[in-house]
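Close look at the chain arrangement
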Amino acid sequence: MNTITESIKIVKYHEDLAKSIADMWNESRDSWGGDASVTTEEQVKKQQANSEDLVLYLALDNEKVVGYCGISEYKEDSNALYIRLLNVHPDYHGKKIGKHLVLKAVEKTVELGFPRIDLYTWPGNVKAVPLYKKCGFFWEDRDDTTHLMNFIPMVLQNELIKPHFEHLDWYKDNVRAIEVKPDGIKENGFTYFEYVWENETRFLRVQIEKSGRGIRLIETNDVLMEASINEHNQIEGRESVIELLVRSKSAEKLSVAIEGYENERIHVNGKQVTNIPHEDTFKIPVHIKDGEEPNEWVTHPRAEVKVTINGLSSLFAIGIYPKKALKVKTVYHPKKYDLNKEQYCFLELENHLKKTAEVIVELQNNDQVEWKNHIVKTEISEKGIIKIPFIIQKYGFLQSECSIKVQSAKETFEWKEPLAFPIPAFGIKAGGYDKDYMYLQNGFYKVQVRKRNNTISLGNGQNWSQRTFLLPPKFGKPYIGELSKKQVSTFEWDHNTTAAKMKLYYDVQKPYRMKLSLCFELFAEGLLNYWVEIENQSENSFENVFVFQPIQHHLNQTYMPIKNEIVYFNDARMTHFGELNSKDVSGNWIFSDNEKEPHGITWSESVQLGFDGWYFYLEEELGMVRPNETVKAKPVNFSLGAIKNVEDFQNFANQNTATKSIAKEIELKPERSNPVIKNNQHTLILEQIQNRYFNGKLKILENGVQEVPVKYEDNQNQSIVYQSNTTGIIPIQYELENESKKIEGSLLLLHQGQSGIKMNQVEDGEHVSCEIENGDLKFKAAASFFPTLYSISYKGQEWLDSMYPEPKPKAWWNPWAGGMWSYLSGISLFSFLKETSKSRFVKKVDKLQNEWQGIVIETTLEKHEKWKGLHIRQSFLTLPGVPIIAHFTELEHMNQYINQYLVTEMWWKKNALNETIVQLQNKSGSKKFRAGFEEHDFQISNPYTITGSDETQKLQVFSTSTDLESDCVLSEEFAQAATATYLNIEPGTKFASKPVFLLFPEKSYNKEMLESLKWIQF
């Protein structure tokens, strides 16, 4: 193998290197997007003390750390290692340090006897991906993440293959083509990863079947062995066959022994011993036992066959996706209905038989609900949905099942399907489980524990946007995260007059043999107590037992006691815990005053608090635990909306309090709430929310002063006739004053002009674009390029950053299109490129009867497995004579609930990137961030303004939605702003998002002024 610079050596971590590691991270910021956070020696020591790394390799140039490779056991799947973090100091790029760290990781995987090692990266990491692939990694084709798997250890450990590497160098002689895109040969639903090695004397080809993580083909100079199954998706109840082709490529006979293996889910029955003169194909029956469908994160059930050729053996394994004839998903979203009022749930159906079938669902009697019909029949070809009406008899948790019968022309399948969901109501305490979660509920508050990885979410069941999550606790030291792979062994639910209780038990072997309990006590007001108990089930005492509980909590609109002061982290600059020093925290609580659902967390003062990245953790020493002894960690207390303000929560956490005052205002609004003026005269309405007497005057300041006497009695509204000869955007400031007080406010009007809007089709040799020209404002889209608005110009200046005319890699993204567009989360850019989109001109009348004109981009997903049939329609509209764009998105799926985030991305570029400035206005005042330099990650204010350094033009963005999660990232390469809102759309329902407005004002408007646009809906 190639050697690196002589001064570079690879060593294992020890504490004396912590300071140099911190220096490496601080000097590597630009390589990680310009992250401005500072790493300290103390942070490195604490992180490594709490790390689950099996080994941390460091590259040293003399005593300077210039490379980092942390290796741990993979949490998401069994029997694999994981490169947790890999970095090379930017001054040492190109010196093969990264390669040697990765090769060291592969070598360690072989040494420890694991068959593979994984890592994650981002698709735009075009420098590192070729290195990973050359070192044996394959890029898995998935929408949700960029996951790579390396099977070199499995190959090197294989008895039949191993002798060939006496003549082949697995790194140098690898002749695989390297491309920066997902890997895989796709056949019949399978994905095969292929290694090929070749030199002057030897040839070796090995294929890995992705889902089973096993070898399915070996070809050498002398022999070809290939295992195959006709289809990846297999129906439970049918018998399948694994075929094994063995071919001699020489004149010599082969002595072959074949033996099928049985595992927990797949039985391969057969055993043969024979001699093969040239070629033979063996067909071995495969029986698939009933069970749950596997998820894409883990190794699928495998059909396994041991093959021995001339005394050397290899296990051949092919992953199978076992499916029932019909996939059934229960969907129910509880609402606060009265008892005995009809409700309904849905069964989403997916037919796996590839032919039309009749489905008969028989519902069981139970104490919770009365079914309107106990037997429901339907016919289904690919996907369908059954609406099941019922009347609630008893609130709590429906823990039932239904009988499913699927009939086609020649086959009948029958089985029991779980039918389980919470039916909450005020004062009702219950627990239960479905296929994916364990639940505890009290009233409308709930705790749910995900079975797959034991992550815990908690909050109001009516609010989908939960802000607090608990990761599975770890134990040690050193810490081991065994719980992320464990299934609940037993469980208990109980309740008393005030609280609902749940205990989940797990049998854990690492780091100790113990019975672990996750314990929850949930009160109807939204208070939750959570703690951990461990019972020593070994014959020896556990010494120096620690429990480590990570908690993720979004740090915006959040108060924390720091250095004996209360610090408020507002929604402008997105702070993460890793940027703070936990030693500075002077209290045992944290509180976020989100208006929807204020969240507070408090813990015992004797528990140690720590920060790591985007989460904080609580660490407690439990001491010695003797055989058969059970110990209990100190509880963590959560307020999930029960306590509404920071003052009360400080009292709850036994801290000092402060006082706040809140004032309410009077509102001036346009008649019928319509901010669009179609002539020179408009009526404004003055409304007072409070029922108070007022006698004074109203001053309207816009091109002079218009003064109107105001007298409120019995909360009557007052009409004011407003005159204006100015077209375009009209900002209005007003003052409402009497002898005792003065109230200032503002609003915005849109005065529509008489000139028309031009709709042009522009062909540039690459694409045909739809172009809208509205005076000084122009915007363009070309659906053949990508479903995005790729250009917005005002007075000849471009505002959007895009890769038009062809998507290409950029920063973390591959491919990247840019512009402005909206999409459903969980669908990758690669997937959108596989679909066909169309753009056209459109006229649209809003709910206030104003006519808008613009461009609509339509995409119907036809190739995406999960979201096939989803229709997405994006509209970009404007008003004649008004420099404004209104953007909204419509979604519809006939047979599927839409429970995802709708994301709107905007990629800004005013002239050059480093001339692009984002200006925010929030509780802490005005802030400006410039793109093109170091990385900034912050939450967007609503509104926010984009401008250049000369500030000759401004673009202001305002959303009328109140439930957005928003984020902006500025770096050396891009300026991205994104908003997201969680959707809950029933099948067959047409959904339209609330619009986001882009305005080109002479000066920035405040949020109160822009609130006038909230009444415009489509």
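Please read these numbers as outputs of a predicted model, since none were measured by experiment.

**Brief notes about helix α1 (residues 18–27)**
Owing to its 3.6 residues per turn, the α-helix brings residues three or four apart onto one side. The buried fraction of α1 is high, at seven of ten residues. Burial in α1 covers these residues: A18, S20, I21, A22, M24, W25 and N26. Buried positions along α1 lie against α2 (41–49), β2 (53–61), β3 (64–73) and β4 (81–88).

**Notes on the pairing of strand β48 (residues 636–640)**
Counting buried positions over the five residues of β48 gives five, a clear majority of the element. Burial along β48 is two-sided: V636, F638 and L640 and N637 and S639, pointing in opposite directions, are all buried. Of the pairings in the sheet, the one linking strand β39 (residues 527–536) to β48 comprises four bridges and is antiparallel in character. Among the inter-strand pairings, Y530 is bridged to a residue of β48, identified as V636. Note that strand β44 (residues 599–603) and β48 share five bridges and pair antiparallel. Within the sheet, the bridge partner assigned to G600 lies in β48 and is S639.

**Describing a negative patch on the surface**
Together, E763, D764, E766 and E806 make up a region of like negative charge exposed at the surface. Residue position: E763 is located in strand β57 (residues 758–763).

**A look at the environment of N26**
Residue position: N26 is located in helix α1. Distance in space between the C-alpha atoms of N26 and K868 is 45 Å, their sequence separation being 842 residues. For N26, the contacting residues outside a window of four places in its chain are S37, V38 and T39. From its side chain, N26 meets the backbone nitrogen of T39 in a polar contact 2.7 Å long.

**Quick word on the pattern of salt bridges**
Two side chains of opposite charge can pair, provided their charged atoms sit close to one another. The final tally for this structure, using the stated rule, is 49 salt bridges. Taking the shortest distance from any N to any O, the salt bridge between D144 and R142 comes out at 3.0 Å. Take R142: its relative accessible area is 9%, and that puts it in the buried class. With a closest N to O distance of 3.8 Å, K372 and E342 form a salt bridge.

**So, the sheet that holds strand β15 (residues 254–260)**
Remark on secondary structure: sheet strands pair via backbone hydrogen bonds, oriented parallel or antiparallel. Reading across from one edge, β17-β15-β19-β20 is the order of the four strands in this open sheet, with antiparallel pairing throughout. The sheet terminates laterally at β17 (271–276) and β20 (312–319), the two strands that pair on one side only. Each neighbouring strand pair of the sheet contributes to a mean axis angle of 20°, computed without reference to strand direction. Here eight bridges tie strand β19 (residues 302–309) to β20, and the two strands are oriented antiparallel to one another. Each residue of the ladder has a partner; that of T308, found in β20, is S313.

**Some words on helix α3 (residues 97–112)**
In this model α3 runs 23 Å from its N-terminal to its C-terminal C-alpha over 16 residues, within 8% of the 22 Å that 1.5 Å per residue would give. Immediately beyond the C-terminal end of α3, within one or two residues, lies G113, with a positive phi of roughly 85°.

**Some words on the packing of aromatic side chains**
The full count for this structure, using the stated rule, is 56 aromatic pairs. When the ring of Y195 is compared with that of W197, the centres are 5.2 Å apart and the planes differ by 25°; the resulting orientation is stacked. Classification of Y195 by relative accessible area gives buried; the value is 0%. One Lys or Arg, R142, reaches over the ring of W297 and ends 4.5 Å from the middle of that ring. Between the NZ or CZ atom of K323 and the centre of the ring of Y321, over which it lies, the distance is 4.7 Å.

**Considerations on the side chain of T981**
The topology assignment puts T981 in strand β76 (residues 975–982). Residues contacting T981, with those up to four places away along its chain left out, are Q900, Y901, L902, D963 and L964.

**Here's the deal with the nonpolar core**
In terms of nonpolar packing, the biggest core is built from 74 residues, with W197, M225, I242 and V246 touching the most fellow members. If sequence neighbours within four positions are ignored, I242 has contacts with A227, S228, I229, V268, F282, K283, I284, V286, A303, V305 and I318. With 51 residues, the next largest nonpolar core counts L504, L555, I590 and L609 among its residues.

**Describing unusual backbone geometry**
Following G476, the chain continues into K477 via a peptide bond in cis, with omega recorded as 20°. Residue position: K477 is located in the loop between β35 (474–476) and β36 (490–495). In this structure, the amide linkage connecting K477 to the following residue, P478, adopts the cis form with an omega of -10°. With respect to the secondary-structure elements, P478 resides in the loop between β35 and β36. The phi dihedral of R213 is positive, around 55°, even though this residue is not glycine. Structurally, the position occupied by R213 is in the loop between β10 (203–209) and β11 (214–220).

**Notes on the sheet that holds strand β23 (residues 342–351)**
Ordered in space as β22-β23-β27-β25, the four strands form an open sheet in which the pairing is antiparallel. The sheet is open, and its two edges are formed by β22 (326–331) and β25 (369–371), each paired on a single side. Averaged over all neighbouring strand pairs, the angle between strand axes comes to 35°, with direction disregarded.

**Describing the environment of Y734**
Along the polypeptide, Y734 turns up in strand β55 (residues 728–737). Separated by 651 residues in sequence, Y734 and I83 have C-alpha atoms that sit 61 Å apart. Of note is the side chain of Y734, whose polar atom sits 3.3 Å from the backbone nitrogen of L668.

**Observations regarding the confidence of the model for the protein**
Summarising the model, the protein shows a mean pLDDT of 89, and 95% of its residues fall at 70 or more. Note that pLDDT drops below 50 for residues 659–665; the model gives that stretch nine contacts with residues more than four away or on any other chain.

**Observations concerning the packing of α1 against α2**
Viewed as axis vectors pointing N to C, α1 and α2 meet at an angle of 110°, and their least axial separation amounts to 8 Å. With respect to α2, the axis of α1 lies roughly perpendicular. Residues A18, K19, I21 and A22 of α1 form the contact with α2, whose participating residues are E41, V44 and K45. Grouping the constituent residues of the contact of α1 with α2 by class yields four nonpolar, no polar and three charged.

What counts, and at which threshold
Residues numbered from 1 in each chain as written. Predicted model: local features only at pLDDT ≥ 70, side-chain atom pairs only at ≥ 80, totals over all residues. Heavy atoms only, no water. Buried < 20%, exposed > 50% of the residue type's maximum accessible area, 1.4 Å probe, protein only. Helix = DSSP H or I, 4+ residues; strand = E, 2+ residues; numbered from the N terminus. Contact = heavy atoms within 4.5 Å. Pairing = 2+ DSSP bridges. Patch = residues over 30% accessible without salt bridge, like charges linked within 9 Å, V, L, I, M, F, W, Y side chains within 5 Å. Areas by Shrake-Rupley, 256 points an atom, 1.4 Å probe, with all protein chains shown as cover. Salt bridge = Lys/Arg side-chain N within 4 Å of Asp/Glu carboxyl O. Lys, Arg positive; Asp, Glu negative; His and termini not counted. Charge placed at Lys NZ, Arg CZ, Asp CG, Glu CD. Polar contact = N/O pair within 3.5 Å; in protein donor to acceptor, adjacent residues only side chain to side chain. Axes fitted to C-alpha atoms, helices over the stretch in contact; angles between N-to-C directions. Expected span 1.5 Å × (residues − 1). Phe/Tyr/Trp six-rings, centres within 6.5 Å; stacked < 30°, edge-to-face > 60°. Lys NZ or Arg CZ within 6 Å of the ring centre and 35° of its normal. Core = buried A, V, L, I, M, F, W, Y, C linked by side-chain atoms within 4.5 Å. pLDDT = per-residue confidence, 0-100. Parallel < 35°, antiparallel > 145°, perpendicular 65-115°, else oblique. Nonpolar A, V, L, I, M, F, W, Y, C, P; charged D, E, K, R; others polar.

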